Amino acid sequence: MLWFQGNRIQLARYSFGILLRNLSASKTTLPVLTLFTKDPCPLCDEAKEVLKPYNNRFILQEVDITLPENSAWYERYKSDIPVFHLNGQFLMMHRVNISTLEKHLLKLQQQGAGG
């Protein structure tokens, strides 16, 4: 039994190492999709569900506009959440537009491959 546990530990270490490498590689190459949100926000929850199939194509960063340090975003977007930025640029608001998201992700992917 000890041999089996030792191999399991080695496999876990190996798998964890691969996971860490993949995560660190993806963080340098994947675009950042920023979701401006607050709690509660049913439209934001709905948007996150719609985005789930695409989660491997971007890093989702959530910004709670009700926090004091985000007061500028609150003033700008308080009536429009959810609002999305892709790599710091406005992308869409109110609902996820999959065709807009796809178009911009593809454009970024092509820019990364070509440049």
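None of the values given here were measured: they were computed from a predicted structure.

1. Considering the overall build of the chain
For step 1, the next point in the chain: Broken down by element type, the chain carries four helices and four strands.
For step 2, the next point in the chain: Written out in order from the N terminus, the α and β elements of the chain read α-β-α-β-α-β-β-α.
For step 3, the next point in the chain: Burial analysis of the chain (115 residues in total) assigns 25% to the buried set.
For step 4, the next point in the chain: For the chain, long-range pairs separated by at least 24 residues make up 67% of all intrachain contacts whose partners lie at least 6 apart in sequence.

2. What about the confidence of the model for the chain?
For step 1, the next point in the chain: Of all residues in the chain, 73% attain a pLDDT of 70 or more, and the chain-wide mean is 84.
For step 2, the next point in the chain: Residue range residues 7-12 is modelled with pLDDT below 50. Its contacts to residues more than four positions away, or to other chains, number zero contacts.

3. What about the environment of cysteine 44?
For step 1, the next point in the chain: Mapped onto the secondary structure, cysteine 44 falls in helix H2 (residues 42-51).
For step 2, the next point in the chain: The sequence separation of cysteine 44 and valine 96 amounts to 52 residues, and the corresponding C-alpha distance is 9.3 Å.

4. Focus on the state of the cysteines
For step 1, the next point in the chain: A complete count under the given rule lists one disulfide for this structure.
For step 2, the next point in the chain: The side chain of cysteine 41 participates in a disulfide bridge whose partner is cysteine 44; the two sulfur atoms lie 2.1 Å from each other. Where cysteine 41 bonds to cysteine 44 through sulfur, the torsion about that S-S bond is close to 65°, and the disulfide is right-handed. Both residues of the pair, cysteine 41 and cysteine 44, count as buried.

5. Quick notes on the nonpolar core
For step 1, the next point in the chain: Counting 13 residues, the largest nonpolar core has Leu33, Leu51, Phe58, Phe84, Leu91 and Leu101 as the members making the most contacts within it.
For step 2, the next point in the chain: Listed by contribution, the elements that provide at least two residues to this core are strand S1 (32-37), H2, strand S3 (83-86), strand S4 (89-93) and helix H4 (98-114).
For step 3, the next point in the chain: Look past the residues within four positions of leucine 33 in its chain and what remains in contact with it is Leu51, Phe58, Ile59, Leu60, Gln61, Phe84, His85, Leu86, Leu91 and Leu101.
For step 4, the next point in the chain: Ranked by size, the runner-up nonpolar core spans eight residues in total, among them Phe36, Cys41, Ile81 and Val83.

Thresholds applied
- Residues numbered from 1 in each chain as written.
- Predicted model: local features only at pLDDT ≥ 70, side-chain atom pairs only at ≥ 80, totals over all residues.
- Heavy atoms only, no water.
- Helix = DSSP H or I, 4+ residues; strand = E, 2+ residues; numbered from the N terminus.
- Buried < 20%, exposed > 50% of the residue type's maximum accessible area, 1.4 Å probe, protein only.
- Contact = heavy atoms within 4.5 Å.
- pLDDT = per-residue confidence, 0-100.
- Disulfide = S-S within 2.5 Å.
- Core = buried A, V, L, I, M, F, W, Y, C linked by side-chain atoms within 4.5 Å.

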